[in-house]
Amino acid sequence: MTDHEMINAIRILSIDAVDAANSGHPGLPLGAAPLVYTLYTKVMRHSPSVPNWFDRDRFVLSAGHGSAMLYSTLHLLGYDFSIDDLKSFRQFNSICHGHPEYSLAHGIEMTTGPLGQGMATAVGLALAERHLAARFNREDFNIIDHHTYALCGDGCMMEGVSGEAASLAGTLGLGKLICLYDSNQITIDGDTDISFREDVGRRYEAYGWQVLEVADANDIEAVEAAIATAKADETHPSLIICRSKIGYGSPLEGSPKSHGAPLGEAKNDETRAKLGWPYKERFMLPTEIVEAYQEVVRKLNPLANTWNQLFVRYQEAYPQEASELMILLNHEQVDYLNDPEFLHFDDCSMATREASFEVLNRMAERDPYFVGGSADLAASNKTDLMGKGFMSSADYSGRNIHFGIREHAMAAIANGLALHALHPFCATFLVFSDYARGAMRLSALMEMPVIYVMTHDSIGVGEDGPTHEPIEHLANLRALPDLDVFRPADARETAYAYALASSRRRPAVMALTRSATGVITKSGPGTERGVYILCENVEASEIPELILMASGSELKPALDAYEKLAKKYKLRLLSCPCLEIFDEQDAAYRESVLPFVCRKRVAVEAGSAQSWYKYVGLDGACVCIDEFGASAPASLLFKHYGFTAEHIAEVCEEVLGK
């Protein structure tokens, strides 16, 4: 059975899946199938029988619209993708989504589709490999030794996030990262010449990459040789530019019309004939093809067992290191919530970014896989892990990362670190979450436990003015499913927020203050419920006349307002560090905190009111800010926009008087 025939099996299954769905992208699978075939059958170290083997090579389909090609390849190699799965491509409850989805089935290393994200996340995967290798490899024991491959298209090369990440990859000298650039020079709107004329190779050389070219993607010997050359250079990431024809072998070869629409029955038949595929029946595979792929699998499967045997010898030679590595392999988590020393802070007035610095370093002492860094803002974000070193091309063993001013790539790289089982955080100002949001959305989709440390969380930024003062950002992030947004009011709530974020195995945002918050007693322990009663002057059988609720730095003025009003009214003050966790609580707890019959409610937060309407209802009010801020000292701005005890009390009395 020839390589050409085995490649055509991938092509035919892919176009059959797209036609069966009457939806999808046949162009890339037809053109790029030789690249994926070469990787999976001739280059990559992977074991279909042990798909999550830790030291496997990783493959990321950054051009995720070519998903049918990946599903077809994995099916042929014995992964958990059946013919029936391929037939259900893009259908409800199918594991074969329109774009690859992490966790639906083994063999999908990450969720891709938004172009450039896969490329950027692959940088994180490659960085994790180098970090772990630096920490655990010993002479004669390369226990961590694998490559990360990404398949990117012209669109990935246009997206800014891939450029950001590639620049950092070159700086860090990630020689185990190899990107195959499927350069077919076609996008949905036509030839790339209409908007994309740069010399990509020279750009990547400037980033510090080795750049290689393959004149014809169908020349798998040339592809394999280029990959071998790429692997030989261990100090530079490699970009292999592979010239291909979109829709290869179809009547629409070279046309943008082949990009994102099924070929249809007639063109499918023509494609089969052009490729020399003798079977008109859809999804039909000759026995010879099946057996040829099974022979490949027989050669691949022992690789995992060979590594396991190496690891046994490693355990004998280096028991301490092996024990530490097993923590990672078993996905063990540190239990911060039952660690009183971790959670403890005395009553104090300090910025929550300062408290965060202390908490991050407590985590670094307890969790050897806690790593991360800032987008060139460590001094402002307070995110250095003290004494833990920095990852660099000279030494990858450090646990701090200089991401540079690359918020989007930073978040995508953090996803890659998390996908490789590390426990990452990354940091910037809250207002710059806008730059990172595409990757943050993928964190949520994949439920990757990345902690986003986002300081300077309000108009408290002060003199830097409207460009740096987040207004809509908390509401924006709270609208993102499967993302926890924490806005702690003091140091104790900050410690609880990190402890909770680490226990929930999903991404979390820490929205933290630049300036000191006031002293709040009795804070902290209720944080695990998301919203809790901080204080009240209501007997157990009574209903409060008004419920006041606040988050972050506004809890202290809300507390001061409560103390003024408590002399006249029956009140309850709620601290609201995480609305997502509160919404998950059972109905009885939510009712005990926010009883339905108490309709007079006031929410206080120095940001958009949008998050709060569901809690205050039609009879309540919000002390929030729904306009851009101004450039002035923070104390003046908080007073100007009404975040004072006096103004909050006035609003409460207005609501009580309704």
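About the cut-offs
Residues numbered from 1 in each chain as written. Predicted model: local features only at pLDDT ≥ 70, side-chain atom pairs only at ≥ 80, totals over all residues. Heavy atoms only, no water. Helix = DSSP H or I, 4+ residues; strand = E, 2+ residues; numbered from the N terminus. Rg over C-alpha atoms; globule rule 2.2 N^0.38 Å. Buried < 20%, exposed > 50% of the residue type's maximum accessible area, 1.4 Å probe, protein only. Pairing = 2+ DSSP bridges. Axes fitted to C-alpha atoms, helices over the stretch in contact; angles between N-to-C directions. Contact = heavy atoms within 4.5 Å. Patch = residues over 30% accessible without salt bridge, like charges linked within 9 Å, V, L, I, M, F, W, Y side chains within 5 Å. Areas by Shrake-Rupley, 256 points an atom, 1.4 Å probe, with all protein chains shown as cover. Salt bridge = Lys/Arg side-chain N within 4 Å of Asp/Glu carboxyl O. Expected span 1.5 Å × (residues − 1). Phe/Tyr/Trp six-rings, centres within 6.5 Å; stacked < 30°, edge-to-face > 60°. Polar contact = N/O pair within 3.5 Å; in protein donor to acceptor, adjacent residues only side chain to side chain. 1 Å grid on protein atoms, 1.4 Å probe; cavity = no way out; pocket = protein on both sides within 12 Å on 5 of 7 lines; lining within 4 Å. Points joined across faces, edges and corners; volume = space filled by probe spheres on them. Parallel < 35°, antiparallel > 145°, perpendicular 65-115°, else oblique. Nonpolar A, V, L, I, M, F, W, Y, C, P; charged D, E, K, R; others polar.

Glancing now at the overall build of the protein chain. For the protein chain, the helix and strand inventory stands at 26 helices and 18 strands. Relative to the compact-globule value of 26 Å for 658 residues, the protein chain shows a C-alpha radius of gyration of 28 Å, a close match. By its C-alpha atoms, the protein chain is 90 × 60 × 45 Å across when sized along the principal axes. For the protein chain, the proportion of its 658 residues judged to be buried stands at 61%.

Moving on, we get to the sheet that holds strand 13 (residues 508–511). Pairing is parallel in the open sheet, where six strands are placed in the order 9-8-10-11-13-12. Two strands bound the open sheet, and with one partner strand each, they are strand 9 (400–402) and strand 12 (484–486). Along the sheet, successive strands turn relative to each other by an average axial angle of 20°, direction set aside. In terms of strand pairing, strand 11 (residues 451–455) meets strand 13 through four bridges, oriented parallel. When the sheet's bridge partners are listed, Met454 is paired in strand 13 with Ala511.

This part is about the environment of Phe486. As for its placement among the helices and strands, Phe486 is situated in strand 12. The sequence separation of Phe486 and Asp84 amounts to 402 residues, and the corresponding C-alpha distance is 43 Å. Setting aside residues no more than four positions away along its own chain, Phe486 makes contact with Ala497, Leu500, Ala501, Ala508, Val509, Met510, Ala511, Pro577, Cys578 and Ile581.

Our focus in this paragraph is a nonpolar patch on the surface. A surface patch of nonpolar side chains, about 330 Å² in accessible area, is lined by Ile543, Phe596 and Val597. Given the relative accessible area of 57%, Val597 is considered exposed.

Spatially, 14-16-15-17-18 is the arrangement adopted by the five strands of the open sheet, whose pairing is mixed. Edge strands, defined here as strands with exactly one partner in the open sheet, are strand 14 (532–536) and strand 18 (621–623). If you compare each strand with its neighbour and ignore which way they point, the axes differ by 25° on average. Bridge count between strand 17 (residues 601–604) and strand 18: three bridges; the pairing is parallel. Looking across to strand 18, one finds that Val602 is bridged to Ala621. Packed on one face of the sheet, helix 21 (residues 555–565) meets strand 14, strand 15 (546–550) and strand 16 (571–575) and runs near 170° to strand 16.

Let us look at helix 20 (residues 491–503). Relative to the 18 Å expected for 13 residues at 1.5 Å per residue, helix 20 spans 19 Å between its end C-alpha atoms, a close match to the ideal helical length. Most of helix 20 is tucked away: twelve of the 13 residues are buried. Taken together, the buried positions of helix 20 are occupied by Ala491, Arg492, Glu493, Thr494, Ala495, Tyr496, Ala497, Tyr498, Ala499, Leu500, Ala501 and Ser502. Downstream of helix 20 by one or two residues, Arg505 has phi in the positive range, about 55°.

Evaluated as defined, the whole model comprises 21 aromatic pairs. Each ring, one from Tyr204 and one from Tyr207, has its centre 5.1 Å from the other, and the planes form 80°; the classification is edge-to-face. Note that Tyr204 and Tyr207 are positioned in helix 8 (residues 200–207) at a spacing of three residues, about one turn of the helix. The class for Tyr204 is buried, based on a relative accessible area of 0%. Classification of Tyr207 by relative accessible area gives partly exposed; the value is 21%. Aromatic side chains Trp307 and Phe311 sit 5.5 Å apart centroid to centroid with 15° between the ring planes, which places their arrangement in the stacked category.

Attention shifts here to the side chain of Ser162. The residue Ser162 is located in helix 7 (residues 160–172) in this model. Since its relative accessible area comes to 0%, Ser162 is described here as buried. Among the polar contacts made by the side chain of Ser162, one reaches the main-chain carbonyl oxygen of Cys156 at a distance of 2.5 Å. A distance of 2.8 Å separates a polar atom in the side chain of Ser162 from the backbone oxygen of Glu159. If near-sequence neighbours (up to four positions away) are discounted, Ser162 is found in contact with Gly116, Met119, Cys156, Met157 and Tyr204.

So, about the environment of Glu650. With respect to the secondary-structure elements, Glu650 resides in helix 26 (residues 645–656). A relative accessible area of 47% places Glu650 in the partly exposed class. Along the chain, Glu650 and Ala561 lie 89 residues apart, while their C-alpha atoms are 8.8 Å from each other.

Before going further, it helps to examine the layout of surface pockets. The volume enclosed by the largest pocket comes to roughly 550 Å³. Forming the boundary of the largest pocket are 27 residues, of which Asn52, Arg56, Tyr102, His331 and Leu419 lie nearest the centre.

Moving on, we get to the pairing of strand 3 (residues 177–183). Consecutive side chains of a regular strand alternate in pointing toward one face of the sheet and then the other. A large share of strand 3 lies buried, amounting to seven of its seven residues. Of the two faces of strand 3, both are covered, the one formed by Leu177, Cys179, Tyr181 and Ser183 as well as the one formed by Ile178, Leu180 and Asp182. Sheet analysis places strand 2 (residues 148–153) next to strand 3, joined by six bridges and oriented parallel. For Cys152, the partnering residue across the bridge sits in strand 3 and is Tyr181. Of the pairings in the sheet, the one linking strand 3 to strand 7 (residues 238–243) comprises six bridges and is parallel in character. Along strand 7, the bridge assignment pairs Tyr181 with Ile241.

What follows is about the pattern of salt bridges. According to the stated counting rule, one finds 33 salt bridges in the structure shown. Across the salt bridge formed by Glu321 and Arg138, the nearest N and O atoms sit 3.3 Å from each other. Here Arg138 lies in the loop between helix 5 (117–136) and strand 2 and Glu321 lies in helix 13 (residues 319–329), a separation of 183 residues in the sequence. The salt bridge partner of Lys382 is Glu354, with a shortest N-O separation of 3.9 Å. Here the residue Lys382 occupies a position in the loop between helix 16 (378–381) and strand 9, and Glu354 occupies one in helix 15 (residues 352–366), the gap between them amounting to 28 residues. Residue classification places Glu354 among the partly exposed residues on the basis of a relative accessible area of 32%. One continuous salt-bridge network, built from bridges that share partners, spans Asp457, Arg478, Arg487, Glu554 and Glu605.

Orientation of helix 7 relative to helix 8, taken along the N-to-C sense of each, is 45°, at an axis distance of 8 Å. With respect to their mutual orientation, helix 7 and helix 8 come out oblique. Contacts between helix 7 and helix 8 involve Ser162, Gly163, Ala166, Ser167, Gly170 and Thr171 on the former and, on the latter, Arg203, Tyr204 and Tyr207. Looking at the contact of helix 7 with helix 8 residue by residue, the classes come out as three nonpolar, five polar and one charged.

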